[in-house]
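Results of the structural survey
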2 protein chains.
Amino acid sequence: MENALTRQRKSTLADIAAKTGYGTNTVSLALRGSTRISQAARDTIIKAAEALDYVPNNTAKALVLKRSNTVGMLVEYLTNPQPTAVATALQREMSDRGYSVLFATSSTPEQEAAAIEMFRRHMVDGLLIYPVDHTNLSHLHRLRERNFPVVMLVGARDTGLDAVGVDEFQASYDATTHLIALGHKRIGALGPTKDKPLKIEGFRHAHRVHGLPLDERQIYEPVGFSMAAGYDGMAILAERDLGLTALFAASDMFALGAMRWAKVKGVSVPEQLSIVGYDNIEYGEFSNTTLTSVRNDGGTLAKAAVERLIALMETDGPLPPPTLTLLPGELVVRESSSRPGRRSWASGQTDKL
Amino acid sequence: MENALTRQRKSTLADIAAKTGYGTNTVSLALRGSTRISQAARDTIIKAAEALDYVPNNTAKALVLKRSNTVGMLVEYLTNPQPTAVATALQREMSDRGYSVLFATSSTPEQEAAAIEMFRRHMVDGLLIYPVDHTNLSHLHRLRERNFPVVMLVGARDTGLDAVGVDEFQASYDATTHLIALGHKRIGALGPTKDKPLKIEGFRHAHRVHGLPLDERQIYEPVGFSMAAGYDGMAILAERDLGLTALFAASDMFALGAMRWAKVKGVSVPEQLSIVGYDNIEYGEFSNTTLTSVRNDGGTLAKAAVERLIALMETDGPLPPPTLTLLPGELVVRESSSRPGRRSWASGQTDKL
DNA sequence: TTGTATGCGTTATCAC
DNA sequence: GTGATAACGCATACAA
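Looking at an unreviewed UniProt entry, one finds chain A named LacI family transcription regulator, with Rhizobium freirei PRF 81 as its source organism.

1. Observations concerning unusual backbone geometry
Here A:Val269 and A:Pro270 are connected by a cis peptide whose omega angle stands at 5 degrees. Within the secondary structure, A:Pro270 is located in the loop between α11 (252–265) and β9 (274–276). Even without glycine at this site, A:Asn280 takes up a positive phi of about 55 degrees. With relative accessibility at 15%, the residue A:Asn280 sits in the buried group. A positive phi angle, close to 65 degrees, is found at B:Asn147, a residue other than glycine. Here B:Asn147 shows up in the loop between α7 (138–145) and β4 (150–152).

2. Quick word on the sheet that holds β9(A)
All names here are of chain A. One open sheet holds the 4 strands; their spatial order is β7-β6-β8-β9, and the pairing between them is parallel. Looking at the sheet topology across the chains shown, the edges are occupied by β7 (219–220) and β9. Summarising the sheet, strand β8 (residues 246–249) and β9 pair through 3 bridges and their orientation is parallel. Its bridge partner lying in β9, Leu247 is registered against Ile275. Running at roughly 165 degrees to strand β6 (residues 187–190), helix α9 (residues 198–209) makes contact with β6, β7 and β8 of the sheet.

3. Side note on the packing of helix α10 (residues 227–239) of chain A against α11(A)
Geometry of a packed helix pair, given as the angle between the helix axes and the separation of the axes. All names here are of chain A. In the contact formed by α10 and α11, the axes pass within 6 Å of each other and the chain directions differ by 60 degrees. One way to sum up the angle between α10 and α11 is to call them oblique. The two elements α10 and α11 meet at a crossing, and its hand is right-handed. Across from Met227, Ala229, Gly230, Tyr231, Met234, Ala235 and Ala238 in α10, the residues of α11 making contact are Met253, Phe254, Leu256, Gly257, Ala258, Arg260, Trp261 and Val264. Taken together, the residues of the contact of α10 with α11 break down into 12 nonpolar, 2 polar and 1 charged.

4. With respect to the packing of helix α1 (residues 13–20) of chain A against helix α2 (residues 24–31) of chain A
Residue and element names in this part refer to chain A. Here α1 crosses α2 at 105 degrees, and the two axes come no closer than 8 Å. Judged on the interaxial angle alone, α2 and α1 are roughly perpendicular. Taking contact as the criterion, the partners of Leu13, Ala14, Ile16, Ala17 and Thr20 in α1 are, on α2, Thr24, Val27, Ser28 and Leu31.

5. Observations concerning the sheet that holds strand β6 (residues 187–190) of chain B
Residues and elements named next belong to chain B. The sheet built from 4 strands is open, its strands ordered β7-β6-β8-β9 with parallel pairing. Only two strands of the sheet have a single partner each, and these edge strands are β7 (219–220) and β9 (274–276). Where β6 lies against β7, 2 bridges are found, and the strand directions are parallel. Bridging from a neighbouring strand, Leu190 pairs with Tyr220 of β7. In the packing of helix α8 (residues 168–181) onto the sheet, the strands contacted are β6, β8 (246–249) and β9, and the crossing angle to β8 comes to about 170 degrees. The strands touched by helix α10 (residues 227–239) are β6, β7 and β8; relative to β6, the strand with the most contacts, the crossing angle is about 145 degrees.

6. Describing the pattern of salt bridges
For the coordinates displayed, the defined rule picks out 32 salt bridges over all chains. A salt bridge links A:Arg144 to A:Asp162, with the shortest nitrogen-to-oxygen separation between them at 2.5 Å. With A:Arg144 in helix α7 (residues 138–145) and A:Asp162 in strand β5 (residues 162–166), this residue pair connects regions lying 18 residues apart in the sequence. Residue class for A:Arg144 comes out buried when judged on its relative accessible area of 13%. A salt bridge links B:Lys194 to B:Glu221, with the nearest nitrogen and oxygen atoms 3.1 Å apart. Of this pair, B:Lys194 sits in the loop between β6 and α9 (198–209) while B:Glu221 sits in the loop between β7 and α10, placing them 27 residues apart in sequence.

7. Points about the interface of chain B and chain A
The interface of chain B with chain A comprises 72 residues on the first partner and 71 residues on the second. Summing the contributions of chain B and of chain A, the shared interface buries around 6200 Å²; its carbon and sulfur component is 54%. In this assembly, chain B and chain A are joined by 4 salt bridges. Notably, a salt bridge pairs A:Asp53 with B:Arg120, separated by 3.1 Å at the nearest N-O pair. Along the contact surface separating chain B from chain A lie 25 residue pairs in polar contact (both at pLDDT 80 or more). Each residue belonging to the side of chain B that touches chain A can be placed in one class, and the counts come to 29 nonpolar, 25 polar and 18 charged.

Calculation criteria
Residues numbered from 1 in each chain as written. Chains lettered and ligands numbered in written order. Predicted model: local features only at pLDDT ≥ 70, side-chain atom pairs only at ≥ 80, totals over all residues. Heavy atoms only, no water. Helix = DSSP H or I, 4+ residues; strand = E, 2+ residues; numbered from the N terminus. Buried < 20%, exposed > 50% of the residue type's maximum accessible area, 1.4 Å probe, protein only. Pairing = 2+ DSSP bridges. Contact = heavy atoms within 4.5 Å. Axes fitted to C-alpha atoms, helices over the stretch in contact; angles between N-to-C directions. Parallel < 35°, antiparallel > 145°, perpendicular 65-115°, else oblique. Left-handed = near helix turned anticlockwise from the far one by under 90°. Nonpolar A, V, L, I, M, F, W, Y, C, P; charged D, E, K, R; others polar. Salt bridge = Lys/Arg side-chain N within 4 Å of Asp/Glu carboxyl O. Buried area = accessible area lost by both parts, 1.4 Å probe. Polar contact = N/O pair within 3.5 Å; in protein donor to acceptor, adjacent residues only side chain to side chain.

If you want it as structure tokens, here you go:
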């Protein structure tokens, strides 16, 4: 059967060998710049390779070397600019170091498993992953047990895996503490509670430490990952009529959705509702009311993750014990958070409440 | 030399053959569900494969089949949510069809060439690309001449290449015409003029068609691709003191940056400055003043591009003539565009002007 | 229904 | 310095 690539035969080492009169072995060495080959031979061979538009076949190389110089990168969504920026930086870093990147997205554990198997078929040398469910990492543990290099892009402690990420718990604690310090007593929260509970746990922890009672109904997990989800989530929190004067959003996407909700409902930010986000995406900085948020340095994060992955991939034999690189998240205070105002909006000011 | 993947030997067809007593050939056929193999044999072989945690080696398969079931995806940035969403959709579509995606980013023609060579090394079966420079596609023509499937994600006519994209020229014409119809006489433009001139050409065309004079200084090409670049670009246009009452931004990122500029400078949108963006990103919809923009259906675009690429990849022999799929961009009118107000801001109202 | 031999393009080993 | 030869893991043609 004819197939796609038979159309135009790619030239091979053998072609160059035939053209120059050398053996394929010599050609291979020459093209890789071996000094064992005479200068003259190298020149003619390189010239012939260019003339034939020769491109080395990584697939054949991988087969014999048992390494593909390729890594897998698995991300959940690319709707959030923060992980997206990190993904871009990861790709650049890997590329600079001579690695190619196979890319996949997954929003369920099943898709994640399928993507990982795809990566394995492609003989990737390692894996960079934003796992879907931070509370169940057994499949990643299995990979590590087989000495397969995996670096998780999550700032979580005690996972038994290599991980690089912002200290989500601490940063969320700080963000919430900022609101508490401003005098807020009833703070809503929008964020994941099941799969990725660390941020909301930081939120809870701040309440405990500062002796502030917390009603479970102050917390809501938006459905999906968008500003629309943040908008809807804020609407649901508002309906609960808990007298909220502030909101902690585990993502700027949610925060900006909530800010839009406030605008639509005539609730003023920050006078009637303070909002703190997370990720410090550019929109937050350019919003009409600029958004207080947690900044995390995606570039540093990507570099650290790539360095760790490469270290693991270059290790012969058993992998070294897992390492955790926890980067600090820095709270950037902007216009959207202030001391609670006199007027509340929960007491029926808005249309629907 | 030991290397990364020698750590844990991956099991192969030969391992399964050894374990079950069949030949590798039988095992290969059985695993691919050939009915030429007896049901009993297939069952034992599949069971053994699972026990050995067998994963087919795509690299070896690609070598013999001369196709990798992998495509390359090349994007410029992932800072703009619109192409990012398309990239995600492309990956999903390819994955659904059994293809893997090698991913790279490039912001210069040199990086683009390097990425394409990387893809060729990996024996990709095809290429999905947002080219950096829409005015010089000779390297892509060369690929096509060799019958290598390439689909460009650009809505440009007469490129001699397969392309799928929004009709940028028409959509930009429409957006500009919208502003002209509202009564604006002096409209600024922020967008690329050299690499990707189609949008600005649409802007120019609208001026020609509607008999509106156009000063070259009304057009500025922002440096980089961010809201900050839009902000700075708007500042530069303002300094030129051209009496602008409206702005056409070739990207919502620029538009939202310009909107922020207006807020900072005390210029009211749309009363003193109407703004029309392009891409219809979510943040425009959730902005304090909602943004008029050009909506393009990324999902449809991705699906069309993938279908075309697959059609090309499944073609035996010479490629069919290139095809252009031009999707319409729909102008979504929101709050940021209106008829010009009485007060202008250019006459010294703002701080610096 | 199953086994054997061959080749994909490359690198590595060992001759010469 | 350079050239054979084997091997990587798989699929195919051809035998049995």
